[in-house]
Each structure stands twice: as C-alpha cells, then as structure tokens.
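The primary structure of each chain is shown beneath.
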Amino acid sequence: MNDTEVRMRQLERILEISRELTSTVALGPLLMKIVAMAAELTDSEGASILLQDAHTGELRFCTALEAGDPSGRLVDIPVPIEGSIAGTVLTSGKPLIVHDAQADPRHYGEVGQQIGLKTRSLLAVPMQIKEHCIGVLEAVNKRDDQEFSQEDVDTLMDLAAQAAVAIENARLVGALRKAYERLGELDKLKSDFIAIASHELRTPLSLILLYAAVLREELGETAGTQLEAVLRAAMRLQHIIETMLNLRYLETGQMDLGATRFDLRAEVQEACEEYKALAETGGLVLGADLPDEEIPIYADREKVRVVLDNLISNAVKFTHVGGRVRVAVRRRGEDVEISVADTGVGIPPQDLEGIFDRFYQVEDHMIRRHGGMGLGLSIVKGLVELHGGRVWAESIPGRGSRFVVVLPSCASGAAPTLSEISAS
C-alpha cells in the first residue's frame, strides 16, 4: 500500500470518526472517544486532551488514554501555559513534534512522575474553532520507537479540528441541559409556593369574610366605610387565591370541565353589566355587540365566566380616561368567537406572545402603574385550551388591543348526554 492509499484510508477513517463524534453529546464519553482515536490514528501508546478553563485560564488534563495511567490520575492535573509544550502549542496555534521529550526543557515532567510514565516522544496539536484555541490534543510515544511524521501531524490536526467542534457542541448541550434543569427546579418551587400559600391562606381568609359579613349584618348602616373596606380587601385577596388555585389545577391537570348548555350571549351581557359601573368610574365607555338570537354553547359556564372577567377587567384596567371597551360575540362556523377590544395603551409586538405566560408583565415590576400578578391571561389561555379552543391577541401600541377567544360550540372532552341533546 503506497503513501497515497494510506492517506486515503486515514481520511476515510477520519470521516467515520467525524460521524461518531457528532453523534456523541455527553462530554465525558466524547473525550474518551477522541483520545482513543488519536492513539489509533497515530499508532501511539497513548493520547491525552488538555482544555483551557474559560474562567481561570488554566490548562488542565481532561482525559487521557495512557498505559501507565489506568486509574485516570492524569485527569484534572494543571499544566503551566508558560514554558510547557502544551502551553506553547496553545498560544502559538501551531503543532509541535518533540522527538526526545526528556531532553526538551519544556516537557512538564511532573505529570510523568505522578503517574509513573516515561514520555519518550510527543506530538501536540491545537484544538481550534475558527481563530480560538480551546485546548491541545497530544499523542504520546509512537510505537516501536518510531518518530512522529508530518503525516501524523496532518492526521492529528484533522482529528483535532473535528474534536474541537464536537467538544464545544457537547459543552453547549451540557450547559443547556443544566439551564433547563435549573428552570425546572425554579418552576417547581414557584408552583409549590403557590399551592402552599393559597391553601394556607384560605382558612383564615374564610374566617375574616365570615366575621366581617356577620358584623355588617348586625351593625347595618352603622357598619361604616371601614368595614366595607375590610370586606373589599378580603374579597380581593380571595380573588387572588382563587387565581393561584386555578393556575395550580391547570398546571397539574386536576381541573375538569363541568359542562352545561347555556346562552353565551346572555353570559357576556351579564359580565358587561357587572363591569359597567367600574368602567364608568374610570371615565370609560363599556359596550357590547351582541346578536339578536341566542348563542347556545355546551361548556363549563363558570370557567367561561372566568375568561370573560379576566379579559374585560384587563381591558378596563389598561384603558385611559375617555377610552372605549367593546365586547362582541358572533358565530364562526361550528365555533363561537368572543372578542374584547379597547382603545388602551396597547401591547408592544415583542410582548404579544409572552403575555399568556405565567407571571408575565409588560411593565417592569418595580415601576409599573397597574396592579396584578401576571396570571390572568395565563389562566385565560389554560381555560380556553381546556375547552379545545384558541386565544390570541392583536395590538397596536398606543392605540389599543383586541383579544379573541374561539370556542367550539361543544367543548372537547365534554360531549353532551343524549338527554341534554334531546332537551335542546
């Protein structure tokens, strides 16, 4: 076999290796594959990888395949960048052959002393991504006391280029996995806090509401505005607790639909009447565009009302004095559409998707002027999707927003019984 055929065989092997490396995303196994391949391709007794720590700048052994180091004692040994062979390769970005390592003053003999291995010859090449060098790949002790050749340099350089990309990808995957795990932990902590806080607050709040109601009944008109303020604050807190519980039940899949047949038009009209006084107090006009005929729907009436309350209260909250809020209902094929439009502050385009996420606030929480926990729209989305529907927002900043809910006439997963069908 001539030199050209040998080189072709090696290139074919490197292509196979490249496929193997790109399919391995766990850093530890990937490094072991690289050193095994480096020893194989250069016909060496061993090989090792030294990577530069991104935080400390130190150069450290990360993985080694050495005959004298079966227990892996080489791993994590630091090597000085100045005055060492690996450091020279790292800083210069050029490969280096050392035919007699013991006679070379740059050879870091402490490594051999720690593992009891005598390094006779060494080939070190940089592991580069574009112009950035992330480490050094070394082949140690060419077998049969042969010398490393230019062919070995070319082969190991090809492998190092592939390995550098694979290592960087594995690092990114590892960092991403850790970030997801951390986000999962934080998400669980937040959910657990919501569950504990809401359950622990329910009992004392129920007592506050009970005694406040009893006092108001006993005192009558003499109860005064102070007691009314206590009741309003307690009702507000009750609403917050119910919101947190709804979110918790949606997250855990514990929320079921209690579907009944009702007139959606009447439900929307009732919700608008309830918020009309609040809108007028804020100097707004709240109106409804409703069809003349009934719009029967088979859904969970209470949950549809929660959706309406959240959308209408948000529209009223974020609309300036003199503005308008319009609620409309119409048929849309086999579905029904509810829209709540306002002439309020609007929503920036970059926030339109995020507003349905939990705890999302368009305004900075430290300087925002409007109250709320950022849960209402998340609950709206969860309840609408529980019915098999869709919800989205349209907005022009400074001119207003429009929220659209599309619900099936018969909620998915809550088909009416035969008696209900015949009754309708």
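Residues numbered from 1 in each chain as written. Predicted model: local features only at pLDDT ≥ 70, side-chain atom pairs only at ≥ 80, totals over all residues. Heavy atoms only, no water.

Visitor: Which residues make up the packing of helix α2 (residues 27-42) against helix α5 (residues 150-219), and what values go with them?
Guide: It is at 10 Å that the axes of α2 and α5 come closest, and there the two elements cross at 175°. Classified by the angle between their axes, α2 and α5 sit roughly antiparallel to one another. Note on element contacts: α5 touches α2 through Asp152, Thr155, Leu156, Leu159, Ala163, Ala166, Ile167, Ala170 and Arg171, opposite Leu27, Leu30, Leu31, Ile34, Met37, Ala38, Leu41 and Thr42. (Axes fitted to C-alpha atoms, helices over the stretch in contact; angles between N-to-C directions. Helix = DSSP H or I, 4+ residues; strand = E, 2+ residues; numbered from the N terminus. Parallel < 35°, antiparallel > 145°, perpendicular 65-115°, else oblique. Contact = heavy atoms within 4.5 Å.)

Visitor: I'd like a description of the sheet that holds strand β13 (residues 400-408), backed by residues and values.
Guide: Spatially, the 5 strands line up as an open sheet ordered β8-β10-β11-β13-β12, and their pairing is mixed. Pairing within the sheet leaves two strands with one partner each, and these edge strands are β8 (285-289) and β12 (390-396). Averaged over all pairs of adjacent strands, the angle between their axes in this sheet comes to 15°, without regard to strand direction. Pairing of strand β11 (residues 335-342) with β13 involves 8 bridges; the strand directions are antiparallel. When the bridges of β13 are listed, Val336 appears paired with Leu407. Docked against the sheet, helix α7 (residues 264-281) engages β8, β10 (324-332) and β11, running at close to 170° with respect to β8. (Pairing = 2+ DSSP bridges.)

Visitor: How would you summarise the pattern of salt bridges if you had to cite specific residues and measurements?
Guide: All chains considered together, the criterion is met by 22 salt bridges. The residue Asp152 makes a salt bridge to Lys142 at a minimum N-O spacing of 2.8 Å. Linking Asp152 in helix α5 with Lys142 in strand β6 (residues 132-142), this pair joins segments that are 10 residues apart in sequence. You can call Asp152 buried: its relative accessible area is 3%. Across the pair Asp300 and Lys303 runs a salt bridge, and its minimum N-O distance is 2.9 Å. Side by side, Asp300 and Lys303 carry an identical accessibility label, which is buried. (Salt bridge = Lys/Arg side-chain N within 4 Å of Asp/Glu carboxyl O. Buried < 20%, exposed > 50% of the residue type's maximum accessible area, 1.4 Å probe, protein only.)

Visitor: How would you sum up the confidence of the model for the protein chain? Please name residues and give values.
Guide: The pLDDT averaged across the protein chain works out to 82; a share of 87% of its residues lies at or above 70. Within the protein chain, the lowest mean pLDDT, 39, falls on helix α10 (residues 418-423), and the highest, 96, falls on β11. Taken together, the stretch residues 67-71 has pLDDT below 50 and engages in 6 contacts with residues farther than four places along the chain or on a different chain. Per-residue pLDDT stays below 50 along residues 413-424; that stretch engages in 13 contacts with residues further than four places along the chain or on separate chains. (pLDDT = per-residue confidence, 0-100.)

Visitor: Tell me about the nonpolar core, and please be specific about residues and values.
Guide: One finds Leu264, Leu311, Ile312, Phe403, Val405 and Leu407 to be the most contacted residues of the largest nonpolar core, which totals 44 residues. In terms of residue count, helix α8 (residues 301-317) provides more of this core than any other element does, 7 residues in total. Setting aside anything within four residues of it in sequence, one finds Leu311 in contact with Val340, Leu377, Val380, Phe403 and Val405. Ile34, Leu41, Val153 and Ile167 belong to the second-largest nonpolar core, a separate cluster that totals 30 residues. (Core = buried A, V, L, I, M, F, W, Y, C linked by side-chain atoms within 4.5 Å.)

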